[in-house]
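Inside the fold
In case you want the letters, here they are:
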Amino acid sequence: MAEVSRGSSADTDDLGDPDLKVILLGDSAVGKSKLVERYLMDEYSPRQLSTFALTLFRKNAVLEDGTRTTVDFWDTAGQERFTSMHPSYYYRAHACIMVFDVTRKATYKNLVQWYGELRQFCESIPCILVANKIDVDYNVTKKCFKFATQHNLPFFFVSAADGANVVQVFEEAIRLAIEHKRSGGDFVEDALTLLDS
Amino acid sequence: MSAEEVAKAFAQHFYQTFTANAQSLAPLYNDRSMLTFEGQASVGAQAIIQKYVSIGKLAFDQNTLDVQPSVDANAICIHITGKVKIDSNNPIHYTQFFQLVASGPSQYYVHNDIFRLVYA
């Protein structure tokens, strides 16, 4: 697995295209923002693109083989509470971190909708499923969450509050995103883009 | 009161009430009112209030307000743009259109209400 250095911070003045785009999905208040903040600690440059209604966290990651890569983590502005995400949110994403809250069953049930919407826009990007807030009761990690096995998704128990597994999730997301990009990316999406242009 | 004054007073009241307690918006609507919120339609005061209550707390920052008379002096069209904040998230641009219709002297109800978030 590629080691991702957490030591470098982003260049705040240049908003060129990143090498990778990783999006976060899941119900309101499942802890998406908290997870990103926990992973990046102070080593990021948040930017608000108000026109996109999201917060974008850029991270310069250094891989095991020394190559540098820039990753944009896309976080919502809470609009998932009453509307579906705008297509631009999904556009050219390389990986997705889908989050639910183990203390609220509804957030697990709603994964069906989130996953459905994701696949509508990004047919083949890797998607990691994350069960957050395990710090509330660690016994929950003995439970089986079928959604991951049903859809063949990498699955992690995490806690944004105490940091358990957070770094692992993001490093895995970056690794899968790179793999996905190298393997040719999302063919269907690229084909559609060509047709549109 | 001019149409402009009615519109301004209405908008201020609407957003303050929405943020404080959406349930209290009920008197502004009646059975003929219609709301389209992010493409989802609700008809009648009860359904509209139910929709608004389900959305939860939003903080509005109104930016522009435009007013036009409708078919006659009994009705006013209002178009509003601004920013809305959901919980502690970053604000999102929104646009909202109302048609107020007089139900009596100096009394209006919301006949049409259309809300959209605005993305680039």
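This text follows the structure it describes.
Residues numbered from 1 in each chain as written. Chains lettered and ligands numbered in written order. Predicted model: local features only at pLDDT ≥ 70, side-chain atom pairs only at ≥ 80, totals over all residues. Heavy atoms only, no water.

1. Looking at the interface of chain B and chain A
Heads up, the rule is: Only heavy atoms enter the contact rule, under which two residues are in contact if any of them lie within 4.5 Å. Two parts placed together each lose some accessible area under a 1.4 Å probe, and the buried area is that loss summed for both. What makes a salt bridge here is a side-chain nitrogen of Lys or Arg within 4 Å of a carboxyl oxygen of Asp or Glu, nothing more. Polar contact is defined as a pair of N or O atoms within 3.5 Å, subject to the rule that within protein one atom must be able to donate a hydrogen and the other to accept it, and that residues adjacent in sequence are counted only when both atoms are side-chain atoms. Residue classes follow a fixed rule: Ala, Val, Leu, Ile, Met, Phe, Trp, Tyr, Cys and Pro count as nonpolar, while Asp, Glu, Lys and Arg count as charged, and any other residue, Gly among them, counts as polar.
In this complex, chain B contributes 18 residues to the contact, which on the side of chain A involves 17 residues. For the pairing of chain B and chain A, the buried interface totals around 1,500 Å² over both sides, and the portion due to carbon and sulfur atoms is 53%. At the junction of chain B with chain A, the criterion picks out one salt bridge. The shortest N-O distance in the salt bridge between D87 of chain B and R81 of chain A comes to 2.6 Å. At the surface where chain B touches chain A, the tally comes to four residue pairs in polar contact (both at pLDDT 80 or more). The residue inventory of the side of chain B that touches chain A, partitioned by class, reads ten nonpolar, five polar and three charged.

2. Regarding unusual backbone geometry
Residues and elements named next belong to chain A. The test is simple: Here a helix means four or more residues in a row that DSSP labels H or I, a strand means two or more in a row labelled E, and each is numbered from the N terminus. Exposure classes here rest on a 1.4 Å probe applied to the protein chains alone. A residue is buried below 20% of its type maximum, exposed above 50%, and partly exposed in between.
Even without glycine at this site, A29 takes up a positive phi of about 65°. As for its placement among the helices and strands, A29 is situated in the loop between strand 1 (20-25) and helix 1 (32-40). Even without being a glycine, N165 presents a positive backbone phi close to 65°. Tracing the backbone through its elements, the reader meets N165 in the loop between strand 7 (155-157) and helix 6 (166-182). Assessed through its relative accessible area of 30%, N165 is described here as partly exposed.

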